[in-house]
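# Fold and contact review
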Amino acid sequence: MLLNWTVMILYNYFSAVFVGPGYVPLGWTPEKSQDCIYLQYCKVCQSYKAPRSHHCRKCNRCVMKMDHHCPWINNCCGYQNHASFTLFLLLAPLGCIHASFIFVMTMYTQLYNRISFGWSSVKIDMSAAKRDPRPIIPFGLSAFAASLFALGLALGTTIAVGMLFIIQMKVILTNKTSIESWIEEKAKDRIQYYQTGETFIFPYDTGSKWKNFKQVFTWSGVPEGDGLDWPVRDGCHQYSLTIEQLKQKADKRVRSVRYRAVEDYSGVCCPVTKGVKTFFTTPCTEEPRIALSKGDLILATRGLKHWMYGEKILDSAADGGIRERGWFPRKCVEKCQYDSETDQPVDGEKKNR
């Protein structure tokens, strides 16, 4: 049984690694040219982003139904390998639970045969068993230490990977991805901020957990659909989510604030020369850092106490359309002083957007 766990875990793991998430074809455009206004354009892939797809900076491709980029499989979790990845997250804790049971019973039986109970003390003799002088496998002090260490690894893996499995099942049963859950939260925030009175309905949730489950897990192992067109619920259409993404992108431009770099920053994760607080409060994220030179302009969209996230303002003709986004220390920049009202929207304009 333990070997069966191992085979199934490795099979699903390597399936998630080598099958991949599925990528939007380079140069892809929707069948109807008028639908392009509802989609974002990816300058790297030279194609429109299909519904539910996102560009991964590490894979350098637009990924179909992208959930996240997983460093443990060195690939994205998306449309084609979502089922394999989730099964791996299920089978790994089950195999570790089985292994933990073996470790616990082994240590219990071996220690029980080596314990001597005296009037004043309890002694453990690890050299040999008291009641079984010829054990099948020698169990000495080194074997006990190795078993205890392996038990700790098995229990840690069970808890950590088991939590990831629960998270994945939650998004699968609602037919969402981790990114789409975040988009839905930002949609509620945008509607509340501008008091538009609209209601955002996530278009891909069929309303049935079983139907949502079957879109990912099938008997053939191949998920439903082609990764580009998706069934939607009543009252929504194929581009309901992409339209919301365009609204949020426009809203982010409105809320962004322009800063100018006053110090050079090399782009290292934990800069030593920018202060102790900046060093120890570096963002715990895979998002990149951007190098700054004195005089650079940055549009900041969000920030922490000692760090900010934004996009460097570049000459689009000179850089070929490549965007530089990432985190940078707050003490390296200062807020720009605007010369005219047209440089930044006023509060009333923000509220009426």
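Residues numbered from 1 in each chain as written. Predicted model: local features only at pLDDT ≥ 70, side-chain atom pairs only at ≥ 80, totals over all residues. Heavy atoms only, no water.

## A word on the state of the cysteines
The criterion, for reference: Two cysteine sulfur atoms form a disulfide, by the criterion used here, when they sit within 2.5 Å.
Using the criterion set out here, one finds 0 disulfides in the structure. Free cysteine: Cys56, not disulfide-bonded; nearest cysteine sulfur from Cys76 at 3.4 Å.

## A short note on empty space enclosed by the protein
Note the following rule: Cavities and pockets were defined on a 1 Å grid built over protein atoms only: a cavity is a set of grid points that admits a 1.4 Å probe from which the probe cannot escape, a pocket is an open set flanked by protein on both sides within 12 Å along at least five of seven lines, and lining residues are those with an atom within 4 Å of any such point. Grid points are joined across faces, edges and corners, and a volume is the space filled by probe spheres set on the points. When residues are grouped by polarity, Ala, Val, Leu, Ile, Met, Phe, Trp, Tyr, Cys and Pro land in nonpolar, Asp, Glu, Lys and Arg in charged, and all others, Gly among them, in polar.
Counting across every chain of the model gives 1 cavity of 30 Å³ or more. Considering only enclosed or pocket space, the largest cavity measures out at about 50 Å³ in volume. Along its surface, the largest cavity is lined by Lys65, Tyr79, His82, Ala83, Gln215, Val216, Pro223, Glu224 and Trp230. Classifying every residue of the lining of the largest cavity by side-chain character gives 5 nonpolar, 2 polar and 2 charged.

## Structural notes on a nonpolar patch on the surface
For clarity, the threshold we go by: Patches here: salt-bridge-free residues with over 30% relative accessible area, like charges joined within 9 Å, nonpolar side chains (Val, Leu, Ile, Met, Phe, Trp, Tyr) joined within 5 Å. Calculation of accessible area relied on Shrake-Rupley with a 1.4 Å probe; when residues are assessed, cover is drawn exclusively from the protein chains displayed. A pair is scored as a salt bridge if a Lys or Arg side-chain nitrogen falls within 4 Å of a carboxyl oxygen belonging to Asp or Glu. Helix and strand assignments follow DSSP, with helices taken as H or I runs no shorter than four residues and strands as E runs no shorter than two, numbered in order from the N terminus.
A contiguous nonpolar surface patch, about 670 Å² in accessible area, is contributed by Leu2, Phe101, Ile102, Val104, Met105, Tyr108 and Tyr112. Sort the elements by how many residues they give to the nonpolar patch and helix H2 (residues 82-112) lands first, with 6 residues. Relative to the helices and strands, Met105 resides in helix H2.

## Section: unusual backbone geometry
This is how it is decided: Think of it in three bands: with a 1.4 Å probe and only protein chains considered, a residue is buried below 20% of the maximum accessible area for its type, exposed above 50%, and partly exposed in between.
For Arg52, which is not a glycine, the phi torsion comes out positive at approximately 75 degrees. The residue Arg52 is located in the loop between strand S2 (47-48) and strand S3 (54-56) in this model. The backbone phi angle of Asn60 is positive, close to 60 degrees, even though this residue is not glycine. Within the fold, Asn60 resides in the loop between S3 and strand S4 (61-63). Asn60 gets classed as partly exposed once you look at its relative accessible area, which sits at 44%.

## Looking at the nonpolar core
Our working rule: Nonpolar cores were defined as sets of buried Ala, Val, Leu, Ile, Met, Phe, Trp, Tyr and Cys residues, with membership established by side-chain atoms within 4.5 Å. Contacts are assigned to residue pairs that have any heavy atoms within 4.5 Å of one another.
Within the largest apolar cluster, 20 residues are counted, with the highest numbers of intra-cluster contacts made by Ile73, Phe85, Leu89 and Ile172. At 6 residues, the largest contribution of residues to this core is made by H2. Those residues within four positions of Ile172 in sequence are excluded, and the remaining contacts are His82, Thr86, Asn212, Phe213, Val216 and Phe217. Among the nonpolar cores identified, the runner-up in size contains 19 residues, and Ala50, Ala187, Phe202 and Leu241 belong to it.

## With respect to the layout of surface pockets
One simple way to see leftover space: roll a probe sized like a water molecule over the atoms. Taken as a whole, the second largest pocket spans an internal volume of roughly 330 Å³. As for the second largest pocket, its lining consists of 15 residues, of which Cys70, Trp72, Phe85, Leu89 and Leu164 are closest to the centre. Elements with a contribution of two residues or more to the lining of the second largest pocket: strand S5 (68-70), H2 and helix H3 (141-173). The biggest single contributor to the lining of the second largest pocket is H3, with 5 residues. Taken together, the residues of the lining of the second largest pocket break down into 11 nonpolar, 3 polar and 1 charged.

## What to know about the environment of Arg258
Considering the arrangement of structural elements, one finds Arg258 in strand S9 (residues 257-261). Accessibility expressed as a relative area gives 31% for Arg258, which makes it partly exposed. Along the primary structure Arg258 and Thr301 are separated by 43 residues, whereas in three dimensions their C-alpha atoms are 9.1 Å apart.

## A closer look at the sheet that holds strand S13 (residues 333-335)
This is how it is decided: Each pair of strands is called paired provided DSSP finds at least two bridges between the two strands. Geometry is summarised by axes, namely lines fitted to C-alpha atoms with helices restricted to the contacting stretch, and by angles between N-to-C directions that run from 0 to 180 degrees.
What the 5 strands build is an open sheet, ordered S12-S11-S10-S9-S13; its pairing is antiparallel. Looking at the sheet topology across the chains shown, the edges are occupied by strand S12 (325-329) and S13. Geometrically, the sheet is characterised by an average inter-axis angle of 45 degrees between neighbouring strands, direction not taken into account. Of the pairings in the sheet, the one linking S9 to strand S10 (residues 297-303) comprises 4 bridges and is antiparallel in character. Paired with Tyr259 across the strands is Ile298, a residue of S10.

## Considerations on the confidence of the model for the protein chain
The criterion, for reference: One number per residue, pLDDT, summarises how confident the predictor is, and it ranges from 0 to 100.
Summary statistics for the protein chain give a mean pLDDT of 83 and a share of 86% for residues scoring 70 or more. Taken element by element, the predicted model of the protein chain shows its lowest mean pLDDT in helix H9 (residues 347-351) (43) and its highest in helix H1 (residues 2-19) (93). Taken together, the stretch residues 344-353 has pLDDT below 50 and engages in 13 contacts with residues farther than four places along the chain or on a different chain.

## Regarding the packing of helix H4 (residues 178-194) against helix H6 (residues 240-255)
Pairs of packed helices are described in terms of their axes, by the angle between the two and the distance that separates them. Cut-off, in case you're wondering: Working definition: roughly parallel below 35 degrees, roughly antiparallel above 145 degrees, roughly perpendicular at 65 to 115 degrees, and oblique for all remaining angles. Two helices crossing with the near one rotated counterclockwise from the far one by less than a right angle form a left-handed crossing, whereas a clockwise rotation gives a right-handed crossing.
Two elements in contact, H4 and H6, have axes separated by 10 Å at closest approach and are oriented at 60 degrees. Here H6 runs oblique to H4, going by the angle between their axes. Crossing angle aside, the handedness with which H4 passes H6 is left-handed. Contacts between H4 and H6 involve Glu180, Ile183, Lys186, Ala187, Asp189, Arg190, Tyr193 and Tyr194 from the first element and Leu241, Glu244, Gln245, Lys247, Gln248, Asp251, Val254 and Arg255 from the second.

## Re the pattern of salt bridges
Considering all chains together, one arrives at 11 salt bridges under this definition. Notably, a salt bridge pairs Lys176 with Glu184, separated by 2.4 Å at the nearest N-O pair. Looking at Lys176, the relative accessible area reads 14%, which means it is buried. Between Arg190 and Glu244 there is a salt bridge whose closest N-O contact spans 2.9 Å.

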